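# Descriptive structure summary
Each chain, letter by letter, is given below.
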Amino acid sequence: MADESIQDGDGGRGGDGDGIRTFPFPVDLSLLGVGVQVGPMGAGSGWHAHAPLHRIDFHTVMLFTGGPVRHMIDFAEYEAAAGDLLWIRPGQVHRFAPEGEYRGTVLTMQPGFLPRATVEATGLYRYDLPPLLHPDQARLAALTAALDQLRREYEDATTLPLSLHTAVLRHTLSAFLLRLAHLAASSAHAARQGRADAPGDSTFTLFRDAVERGFATNHSVSAYADALGYSRRTLVRAVRAATGETPKGFIDKRVVLEAKRLLAHTEMPIGRVGAAVGFPDAANFSKFFQQHTDQTPAAFRAELR
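Definitions and cut-offs
- Residues numbered from 1 in each chain as written.
- Predicted model: local features only at pLDDT ≥ 70, side-chain atom pairs only at ≥ 80, totals over all residues.
- Heavy atoms only, no water.
- Pairing = 2+ DSSP bridges.
- Helix = DSSP H or I, 4+ residues; strand = E, 2+ residues; numbered from the N terminus.
- Axes fitted to C-alpha atoms, helices over the stretch in contact; angles between N-to-C directions.
- Patch = residues over 30% accessible without salt bridge, like charges linked within 9 Å, V, L, I, M, F, W, Y side chains within 5 Å.
- Areas by Shrake-Rupley, 256 points an atom, 1.4 Å probe, with all protein chains shown as cover.
- Salt bridge = Lys/Arg side-chain N within 4 Å of Asp/Glu carboxyl O.
- Phe/Tyr/Trp six-rings, centres within 6.5 Å; stacked < 30°, edge-to-face > 60°.
- Buried < 20%, exposed > 50% of the residue type's maximum accessible area, 1.4 Å probe, protein only.
- Lys NZ or Arg CZ within 6 Å of the ring centre and 35° of its normal.

## Section: the sheet that holds strand β5 (residues 69-73)
With mixed pairing, five strands are arranged side by side in an open sheet as β1-β3-β8-β5-β6. Across the chains shown, the open sheet's two edge strands, defined by having one partner strand only, are β1 (21-23) and β6 (76-80). Looking at each pair of strands side by side, their axes are set apart by 35° on average, direction ignored. Across two bridges, β5 lies against strand β8 (residues 93-95) in antiparallel orientation. Looking at β8, one finds that Ile 73 is bridged to His 94.

## Some remarks on a nonpolar patch on the surface
Together, Leu 31, Leu 32 and Leu 162 make up a nonpolar patch on the protein surface, roughly 250 Å² of accessible area in all. Mapped onto the secondary structure, Leu 162 falls in helix α4 (residues 162-193).

## Some words on the packing of aromatic side chains
For the structure on display, the rule yields 11 aromatic pairs. Judged by centre distance (5.2 Å) and plane angle (65°), the ring pair of Phe 96 and Tyr 102 falls under edge-to-face. Judged on exposure class, the residue Phe 96 and its partner Tyr 102 are both buried. Taking the centre distance of 5.5 Å and the plane angle of 85° together, the rings of Phe 204 and Phe 250 count as edge-to-face. With Phe 204 in helix α5 (residues 201-214) and Phe 250 in helix α8 (residues 247-265), this residue pair connects regions lying 46 residues apart in the sequence. Phe 250 sits in the buried class, given a relative accessible area of 14%. Through pairs of rings, three or more aromatic residues link up here, namely Phe 75, Phe 279, Phe 285, Phe 288, Phe 289 and Phe 300. Positioned over the ring face of Trp 87 is Arg 89, at 3.9 Å from the centre of the ring. A cation over an aromatic ring shows up here: Arg 170 above the ring of Phe 113, its NZ or CZ 4.8 Å from the ring centre.

Have a look at this one:
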């Protein structure tokens, strides 16, 4: 499985010296070189918890049959138990818990393996959705069956020609991911149900997408409201209903996450990191970062090295 290349510490790119490494999808470890892998993550499988902080440029879904396991994704800790899933997307920083017992099935997928329509339908790049999912018994049974079928198709490397084998994998993978995407969206919706009523989710969706495009240069709630054609009050209500926080808090969280990624992944001077997320003045960036993390950028970077 993919973690074999991570544990070896070879083949990663970026993060020279003691920087955080990015690991590409290990095509050479896939059966027949296809852009997907499915297999066990238990003892003796090569999937173990000794990889340091790193990021990957492929999708990873872990379905646990054991636990609990504490896994860090984008600097937040998640505890997964038997029956839970973790969905890690390309570019996210993550780290295995050394004391954790990772048991279950792991799926990894190379970006570009699925057609664009499927990517959009399954929300593969919906970074706002929760990475930790707790399916009920019926959904867990359906997801487990779909993943088991995908694994059987993946391991059947002799029945079909490679082109047909790959096509079957794409269709089977799409079926699993559609179920997973529905669970993720349902989980996010359920989390919003207890919050105050507000305008429809489309308002927040437009705002979220606008922030994703512009957070590096635009930190103004009023500017986003004007660009989207909403009043500031409408935007505040929609974002609070969807996330439980203010638009400013949502923007700041995205800026802090990008700053953390740059501090962790690169050797960029702190001043350049600040400029990359919209703070031309290094002192202002350091003050902003410390207000939101209780650490200076230098201390945060040092803690990861």
